[in-house]
Every structure is written in C-alpha cells, then in structure tokens.
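# Observations on the three-dimensional arrangement
Read off the chains here:
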Amino acid sequence: MTVINKKPNNPIENLTPEDVEQIGIELDAIRQDVLDSRGEKDAAYIRRVVGVQRKLELGSRAVLLVSILPPAWVLGTAGLSVAKILENMEIGHNVMHGQWDWMRDPKIHSTTWEWDNASTAEAWKHSHNEVHHTYTNIVGKDNDLGYGIMRVDEDQKWHPMYLAQPLWNFLNACFFEYGIAAYDLELGKNLRIPKEKRSEVFKRNTKSTLAKIRKQASKDYVVNPLLALPTGSLLPTLAANVTANLVRNLWTHSVIMCGHFPEGVETFERKSIDPNETRGDWYVRQMLGSANISGSKGMHLMTGNLSHQIEHHLFPDLPSSRYAEVAPRVKAIFARYDLNYHEASLPAQVYSAWHKVVRLSLPNGFLATTTVKNAPEQAKLLWAMSTKGSKVRRAAQARLQQQARKLEVAKAA
Amino acid sequence: MSTDTLPGTSRSRPRPTLRESLRRVASAAVTPLEVDDVLDVFHPLRSGAALRGRIVDVQPETDESATIVIKPGRDWAGHVPGQYVRIGVDVDGTRLWRTYSLTHGPRADGCISLTVKAIPGGVVSQHLVHRTRPGQMLQLEQAEGAFVLPQPVPDKLLLVTAGSGITPVIGMLRNLFSRATPAATDIVLVHVNASEAAAIFRDELRALGADGRITLIERYDDQHGLLDVAHPESGLAALVPDLDQRLTYACGPAGLLDALEQHHAERGLQLTTERFRPVVLADLGGLSGGPVSFADGSLVEADGGVPILDAAEAAGVLMPSGCRMGICMGCVLPLMDGAVRDLRNGALTVAVPGETDPAGVPIQTCISAAAGACSINH
Ligand SMILES: Cc1cc2nc3c(=O)[nH]c(=O)nc-3n(C[C@H](O)[C@H](O)[C@H](O)COP(=O)(O)OP(=O)(O)OC[C@H]3O[C@@H](n4cnc5c(N)ncnc54)[C@H](O)[C@@H]3O)c2cc1C
Ligand code: FES
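This is a predicted model, so every value here is computed, not measured. Throughout, residues of each chain are indexed from 1 in the direction in which the sequence is written. Chains and ligands are labelled sequentially in the order written, the chains with letters from A and the ligands with numbers from 1. Only residues with pLDDT of at least 70 are given local features in this predicted model, and only at 80 or more are side-chain atom pairs given and counted; all residues enter the totals for whole chains, interfaces and linings. As a convention, hydrogens and water are excluded, and side-chain values are obtained from all of the structure's heavy atoms.

Moving on to the sheet that holds strand 3 (residues 84-91) of chain B. Note: strands within a sheet are paired through backbone hydrogen bonds, in either parallel or antiparallel orientation. Residues and elements named next belong to chain B. Pairing within the open sheet is antiparallel, and its six strands lie in the order 4-3-6-1-2-5. At either margin of the open sheet sits one strand with a lone partner, and together these are strand 4 (94-101) and strand 5 (112-117). On average, each strand axis in the sheet is tilted by 40 degrees relative to the strand beside it, whichever way the strands run. Whether two strands pair comes down to DSSP finding at least two bridges between them. Working definition: helices are DSSP H or I runs of at least four residues, strands are E runs of at least two. Numbering for both runs from the N terminus. Two elements, strand 2 (residues 65-72) and strand 5, share six bridges in a ladder whose sense is antiparallel. Considered in strand 5, the bridge of Ser65 is made with Lys117. Strands strand 2, strand 3, strand 4 and strand 5 of the sheet are contacted by helix 4 (residues 123-130), whose axis makes an angle of about 85 degrees with strand 3. A fitted line through C-alpha atoms represents every axis, and for helices the fit uses only the stretch in contact; the resulting angles, taken between N-to-C directions, go from 0 to 180 degrees. Any two residues having at least one pair of non-hydrogen atoms within 4.5 Å are treated as being in contact.

Quick look at the structure:
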C-alpha cells in the first residue's frame, strides 16, 4: 500500500468538492438521527453491560479462589478473560470516548472512568481521542500506524531492522497493555531526549502510569493469588491472571490491528492534508482509513463494537450500541460514491493485517517475486541486502521492484 | 534525633481497625474500581454507598400531580418537616437534578415522600408524575432547608400556600397531627388554587378542617377570582382577622410571595417564605454571554441569559448542582477569570487573576450567566 494520493487509481480523485460536502451532510444527518433518539434504552444498555461485566469478573475471581481444581481454573480463567475484554473494549474504550457522557452519570463518564489497563485513562484519552482520532492514518502523525516502531507503508524506506517486525508485532500483542502505556507516554521519543530536558508533563505522566501499573500488577499477581492461598490455589490463580491478561492483550491487539491495518485500508500523506480540511474531507479520510469486521452480535460486543470501526471513526462519540444500526446507511453512502467499504470476517482481517506486517518487514516487491523455486536465491539476496550496506540495498531494491512490476503486468495481461 | 520520639510517632498513628484493613485489601483486589462500585451492584441502598433511593410507590393526587414514596439508602439522616431534598432523576437516560419538599414528617416505615406537580413542558416534573414506576432508583442528597417551624411551635400560626406550594406545609401538618398528643396550636391555612380539581391534598385538608384541627380557608381562582393579598375587603386581612397575632409561613408562586412580603412589611409582621424558583430579571435575554472554559479543558459557549449551570450541562460537562435557584450553594464553583452576571438582580461578579482571591471567586452557577469570556476551576 502507498499513501492514497500516490496511488495510480486514487479512489478519492473521482470525488468533486461538492460530493465531499454532500457526504458530510449525509453523515451529519445520520449522526443527528442517533442523537435525537438517544435515550432510556441506551442508558439501560450500558448499565446492563457494566453490571454483567462486574458480576462476571467477581464471579470468576470467586471461582478462582478454588482454582486448584482444574474445572474451576478453566471456568474462572475463561470468565476473567471475557470480563477483562468487556471492560477494556465495550465499556472502557467507549466510556472514555465520551459516548455515554450525555447520561450525566458521574459513574459512567469519560472524565471519571479509569480502566483495567496499564495505561492511565488520562494518557490514553490524549493519545487515542485527540491524536489518533484526529490524525487517523496520516503517516508520521498517527502513531497508531505501527506505534512508531514499525514499517507500515511502502514509502517508508526499508531497513534490515524491519526484518524483526513480525516478532515485535507478536511481542507487542502479548504485552499489548504495556505497549499502549509506552505509546501513550510517547516513551520512544521521550527517552531519546536527555533526562534533564524531558518535559514536566512527561515526568508526571510517567509517574502516574508507573503507579497505575503497580496497582494493576499487585491486584492480578499478588492480592488475588494471596486470597486464594488458603485453598492452595495461589499458583493456579496467578497463572489464571497471567492467562487472562494475555488473552485480553492478544484479542485487543488483533481487533485494533483489524481496524486500520488490513491490506486495502488507505493511508494519507501529511502534506496532502489540507490544513483547512473540511468536515466532509475529514469524514472521507475516516471512511477510507478504517476497516470493519463482519460477524455475530457476540463478536461485535467482544470487540467493543470496534468491528464497526468505520462507523466508530465517523462517529466516535455516539453510543457503540448504535453502530450496527447506522451501518447499512453508512454502507449505502459508500456505494453511492463508489468507495470501498472495507469489511471482512475476523480471520480474514487478522490474516490480512499480519500479511501486511510480514510483507512490509521485507523489501518492497520481495514477497511478490518469491516462489518456492527461487526461495534459496531470494534468501541469499535478502542476506546480502541486510549485511552489505546501503549501496547493495539500493541496487537490489530497484531490481526487485522492476521484477514485481513485470509480474503484475504479466498477470494483468 | 532523639530515640524517644520513635515510640511516640508510632503511637500517634492509630492501628487500622479490622474493617479498615479488610477494605484496603478489597480495594487492592478490585482496582481500578472502588470497593463501593462493586458493592453497588448488589446493594445500592447500603450504608456507606452514595445516597440513593428506590421508589416504592407512586400515588396520583390530582390529574397533574402525584406523590412519590421513596425508600432512602441507609445513610439517610432524617429531616425536619418543611425541608426539601435534592433528587437526581434519569429522564430519557439523562440524569437531571431538581428539588422537592418532603411531604411527611419522619415515617414509621422509614420512607420519605414528595409530591410533584407536573408543570406544562416541565422535563422532570412530567416524568415524575406520569412516567415513574415503583422499583426505579433515584439519587438523593440529604434534606436541607430553613422553612421549618420554630420549636416550641407558636400558639398561633398562619400558613399561606398556593398550588404545589402546599407540599412543605402538608409535611408540617402531618407531622403535628401524627403525634400521640396533637399540637395545641391554632392554625389557619389559606390554600389558593386555580380550581377545586387542581387542589392537591384537598380532601385531606378538608378532613383536618372538619376535625377542628385547622381552620381551612380555600380560595379558588375560578370561583373567587385571583387573591389580591392587600385588598381591604377580600384580601388576607379580611380572610384572617387576627392576622397580626399570627406567625406566617408561606409557599407559592413568586407573585403571591412578593405581594405577601410587601403586605407583611407594611404591617411590621414577620414572614417566612419558601420559593420554588428564583425571580429572574426579565430583560437579561438580550445580553451577550461568552465562552466559559473549565479546568478540564472543556469550552462552553454560554448565552448571557442562561445560567452557566444549564449551559455547561447541556454541553456535557458534569456540574455540581442542587436547588438550581440560588439557595443551597450546591453549585458553587470558583471563578478564576472573567465576569458573571447574577440573573436575579443583574449584579456583576468579577475575577481578575492577580487581584482577586487566587483560589477564585466563588459563584453560584445556577443563577449566574457569563458576561463575557470567563474561566471556572472545575
Ligand atoms: C426548595 C424547593 C422546593 C420545591 N418543592 C417542590 C415540590 O414540593 N413540588 C413540586 O412540584 N415542585 C417543587 N419545586 C420545584 C421543582 O424543583 C422543579 O422546579 C419543578 O418540578 C419544575 O421542574 P421541571 O424539570 O419539570 O421543569 P423545567 O423543565 O425545568 O422547566 C420547564 C418550564 O417551567 C418553568 N418552571 C420551572 N419551575 C416552575 C414552577 N415551580 N412553576 C411554574 N413554572 C416553572 C421553567 O421556567 C420552564 O419554562 C421546588 C423547588 C425548590 C427550589
Ligand atoms: S444549585 Fe442551589 S444555589 Fe445553585
């Protein structure tokens, strides 16, 4: 993939400014309809989800008190995993977006919510709500595109260190909550700044994040296991908490990857974005920069309705429970303007996203030109490109791209 | 450092009780939730919880009014008849706070009651009268208010009420006459209503009158015409000849209370009133407001004639509030910079960083409107 304005068949090229404005008007109308009908049923929904989540988490933790018994361990661990996922996705993420602020209930409000995650609500709201949702998929501005450590776009120059990117991505998935915390602190950028020059804000945020991590870790890995000690279930409970956090991390990472990373989701170039971007322009960027996951009601719930990533990005502050209902209307707008409504099943999107991670970890054109037969030569080439300096790399890169283009032309013919 | 300070310091910090220690463990086990969040799922009315109530009964009074009986949480501290309670009601999913007088003395069943008159277009009153059902929860604050009878109760009382203004007074009456030895006070109640059909507690009051416990004077606008308090032939003095010997308590619409205040002041009589709404200057609508910024970064464009409380709530900011009419101080926040106008009298309150109190100038957001850009620490 390439940033959208460098593509040969740029999908927004066919849109006139009037079209873009009209799209904005139509999407605003959908938004207004939801605002007008928002009410008691929505409030009852989120309260029910919060109630179920709390009972599930408490019930699971109670069962884990006797997790020395294998069935109890399985049941408790499964319940805790689901509870943590619900807490992070359908509840935490959406509450912190302010989707339920209209209820004016201080217990379910973006300004008071704290979630079961390493990152503090404060830091997460800044990097997610302000940065990611404003600069969605703008290369260089939206760090969600690879958390600043990955090669997410063909236009980013390839370097041998990117070969490790699938491994990093996997590790990031396993420890995702800490990945998010580091990302929310902009740890990479800040650690490069000499210690005495780091901003007060960074120091303060780091302190509160560390305090939060300490509390979170003591809950999962000390207090709850100790409570299970009397039945001899300390270690099983510890293992259950580790497992539940791992499951939650892998799941949330997969869902997040599916939202913006699958092949075919557009990215944007910083300089191609008009500083006076209109509401319509912004909407179009959100439309093309997100991907949906199709599936059952249960799957939508477990993804916190981020399976409706497109609708979420268009209307980040509407109640998540309404995305499914507006999706057909949104889809119709895509169809009318001949835009690609990116939607596929969970396995397909996860595969696609991982495929892209692997593909971009290799030089451009490498994967496309590799077959079983030429694999040994290709491996040799890669070795040379990784070890022999930038001159060799440049030459080999040019050759690879040329071959890939030829293949494409042949395929098209 | 002397060694004998050490035992001293350890003694000065009392050892946590078992309850406190348990709570500490529990809270470490459920972070980032609070223990209370978890307990709320199971027992929202327990002691230690934020004060709430469960509606146990809704009894229609007239076509447009109803009495709501509420079982308050364990921490309800009781009240004196005549006082009011602030309640938070979820209307169409949104929590709105209003104030209602308590219409009983302390009850044997531990419940409290309010009587609400549905105002045309009234968001909360319409909801409470026509759409609430037993079992629903609402948020409560402790009772407040100074509209209470002095102790001991004086020998002669005059109570003047109009419309839903009967609510604090019925609480007083019910309390006086529910005692084993009913009070020996001589009470005259002038109860003004638009019509007989609209008169809340009409039959109960007539029964009290028939028993000789009170002297009930009913005035209906459709039968008697509007009550002109100061009128020499049909006014208050004509209705209650021994007016000057009585201590007066009055609750009703602004017009009636304003007339009573003037009337009593001219006669040098003492008067205690309860108002349900602030008297707002009529001509403030055209004044320009300004952007109001809050410490959390939210920015609200507020009209010059609208209380900052209403403007901020409508924009999604969580605001503290209470009576919403300038009497309880439940909405007070520090103004750090800028000017606000008191909607009741037009008075300006100004905060200038470096000149006024560094902690901010306290303002009541429910009766203050922005008069230009201002910033509030909240
Ligand atoms: C100390 C105190 C005690 C109170 N006790 C009671 C009580 O016992 N029973 C009771 O029914 N109400 C009582 N009220 C009034 C109550 O708090 C609400 O103001 C009232 O129910 C209207 O709320 P609403 O949401 O229905 O109207 P809103 O939606 O807030 O207002 C709708 C319209 O009605 C107007 N309006 C607001 N209040 C009144 C009013 N009181 N009379 C006429 N028009 C009004 C508004 O200006 C607006 O135009 C009390 C108020 C106070 C301050
Ligand atoms: S809310 Fe009571 S004084 Fe403002």
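After that view of the structure, there is still more to cover.
What follows concerns the site of ligand 1. Residues and elements named next belong to chain B. To be near a molecule or strand, a residue needs just one of its heavy atoms within 4 Å of it. Neighbouring ligand 1 are 20 residues, the closest being Thr99, Tyr100, Ser125, Thr167 and Arg277. In this structure, Val124 approaches ligand 1 through a main-chain N or O atom, which is 2.9 Å from an oxygen atom. Alone, ligand 1 offers 910 Å² of accessible surface; in the complex the protein occludes 76% of this. Put simply, the parts of the chain that give the shell around ligand 1 at least two residues each are strand 4, strand 5 and helix 4. Ranked by residues supplied to the shell around ligand 1, first place goes to strand 4 with four residues. Throughout this description, a polar contact denotes any pair of N or O atoms lying within 3.5 Å of each other; where both atoms belong to protein, one of them has to be capable of donating a hydrogen while the other can accept it, and for residues adjacent in sequence the pair is counted only when both atoms sit in side chains. For the accessible areas, the method is Shrake-Rupley and the probe is 1.4 Å, while residue cover comes only from the protein chains on display.

This part covers the environment of Glu154 of chain A. All names here are of chain A. Structurally, the position occupied by Glu154 is in the loop between helix 4 (121-134) and helix 5 (165-174). Exposure is judged per residue with a 1.4 Å probe applied to protein chains only, and the accessible area is read against the type maximum: over 50% gives exposed, under 20% gives buried, and values in between give partly exposed. Look at Glu154 and you get buried, because its relative accessible area is 18%. Placed 30 residues apart in sequence, Glu154 and Trp124 show a C-alpha to C-alpha distance of 28 Å.

Now for helix 10 (residues 279-288) of chain A. Residue and element names in this part refer to chain A. Buried residues dominate helix 10, accounting for eight of its ten residues. Residues Gly280, Trp282, Tyr283, Val284, Arg285, Gln286, Met287 and Leu288 constitute the buried set of helix 10. Contacts from the buried residues of helix 10 go to helix 1 (17-37), helix 4, helix 12 (309-314) and helix 13 (323-336).

Okay, the domain arrangement of chain B next. Domain delimitation in this document rests on an assignment produced automatically or drawn from a domain database. When its domains are assigned, chain B resolves into domain 1 (3-42), domain 2 (52-140), domain 3 (156-274) and domain 4 (290-376). Spacing between the C-alpha centres of domain 3 of chain B and domain 4 of chain B amounts to 37 Å.

Attention now goes to the interface of chain A and chain B. Listed by partner, the interface residues are 28 residues for chain A and 24 residues for chain B. A simple way to read buried area is as the amount of 1.4 Å-probe accessible surface that goes missing from two parts once joined, with both sides added. In total, chain A and chain B occlude about 2200 Å² of area from one another, counting both sides; carbon and sulfur atoms represent 60% of this. A pair is scored as a salt bridge if a Lys or Arg side-chain nitrogen falls within 4 Å of a carboxyl oxygen belonging to Asp or Glu. Between the two partners, chain A and chain B, sit four salt bridges. A salt bridge links Arg104 of chain A to Glu313 of chain B; the nearest nitrogen and oxygen atoms lie 3.2 Å apart.

Residues and elements named next belong to chain A. Only residues whose relative accessible area exceeds 30% and that form no salt bridge enter a patch; like-charged residues are grouped when within 9 Å of one another, and nonpolar side chains (Val, Leu, Ile, Met, Phe, Trp, Tyr) when within 5 Å. There is a patch of nonpolar side chains on the surface, built from Leu167, Phe170, Leu171, Phe175, Tyr178, Leu246 and Leu250 and spanning about 620 Å² of accessible area. Broken down by secondary-structure element, the contributors of at least two residues to the nonpolar patch are helix 5 and helix 9 (234-260). For the nonpolar patch, the element with the most residues is helix 5, which contributes three residues.

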